[in-house]
Every structure is written in C-alpha cells, then in structure tokens.
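# Summary of the model geometry
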Amino acid sequence: MTGQAIGEVLAFGVGVALSPLAIVAAVVMLVAADGVPRAWAFAGGWVLSLALVSTLALLLADGAHASADGTPA
C-alpha cells in the first residue's frame, strides 16, 4: 500500500524537481553572448511544445470518449 502511494506521487515529485531547469536554462542563455535571440527561441519552442502536447492529449481524450462515459477515465 505504501509502495503504491509512493509510485503515484513520484511522477509529481519528478515534475516539480525538473521545473526550475527551464528557468535556469533561460537565464544562462540570456547571460551568454548573443543570448537574447537564443532565449526567445527557447521560450518559443517551449510554448509550442506545450501547446502540441496539450492538443494531442485533448484529441486523444476526446477520441477515447473519456467525457461521455459515466465512469472515471
């Protein structure tokens, strides 16, 4: 039972642990030579990838009829 709880929370913990890496990468790029265009490219790619993943998740959830069923997905 404890192992299952740790397994469920582990994914959230890894996400929280990795979230500052994007901020650190942007700051390092801004400080580097010719860093502003690279930082903008990084931020743009990050936003586009999040939009793509979100769109795919919504399309897959809609295709699975997750909202139409009366039971949890």
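In short, a report on the structure. If you're wondering where the values come from, they're calculated on a predicted model, not measured in any experiment. (Residues numbered from 1 in each chain as written. Predicted model: local features only at pLDDT ≥ 70, side-chain atom pairs only at ≥ 80, totals over all residues. Heavy atoms only, no water.)

### Let's talk about the overall build of the chain
If you tally the helices and strands in the chain, you get two helices and zero strands. Taking all 73 residues of the chain together, 4% fall into the buried category. Carbon and sulfur atoms make up 77% of the accessible area of the chain, which amounts to about 6,100 Å² in all. (Helix = DSSP H or I, 4+ residues; strand = E, 2+ residues; numbered from the N terminus. Buried < 20%, exposed > 50% of the residue type's maximum accessible area, 1.4 Å probe, protein only. Areas by Shrake-Rupley, 256 points an atom, 1.4 Å probe, with all protein chains shown as cover.)

### Looking at a nonpolar patch on the surface
A contiguous nonpolar surface patch, about 680 Å² in accessible area, is contributed by Ile-23, Val-27, Leu-30, Val-31, Val-36 and Trp-40. Secondary structure elements with two or more residues in the nonpolar patch: α1 (2-31) and α2 (35-63). Ranked by the residues each element gives to the nonpolar patch, the list is headed by α1, at four residues. Mapped onto the secondary structure, Leu-30 falls in helix α1. (Patch = residues over 30% accessible without salt bridge, like charges linked within 9 Å, V, L, I, M, F, W, Y side chains within 5 Å. Salt bridge = Lys/Arg side-chain N within 4 Å of Asp/Glu carboxyl O.)

### Details of the environment of Trp-46
Counting through the fold element by element, Trp-46 comes out in helix α2. Each C-alpha atom of the pair Trp-46 and Ala-22 lies 8.8 Å from the other, and the pair is 24 residues apart in sequence.

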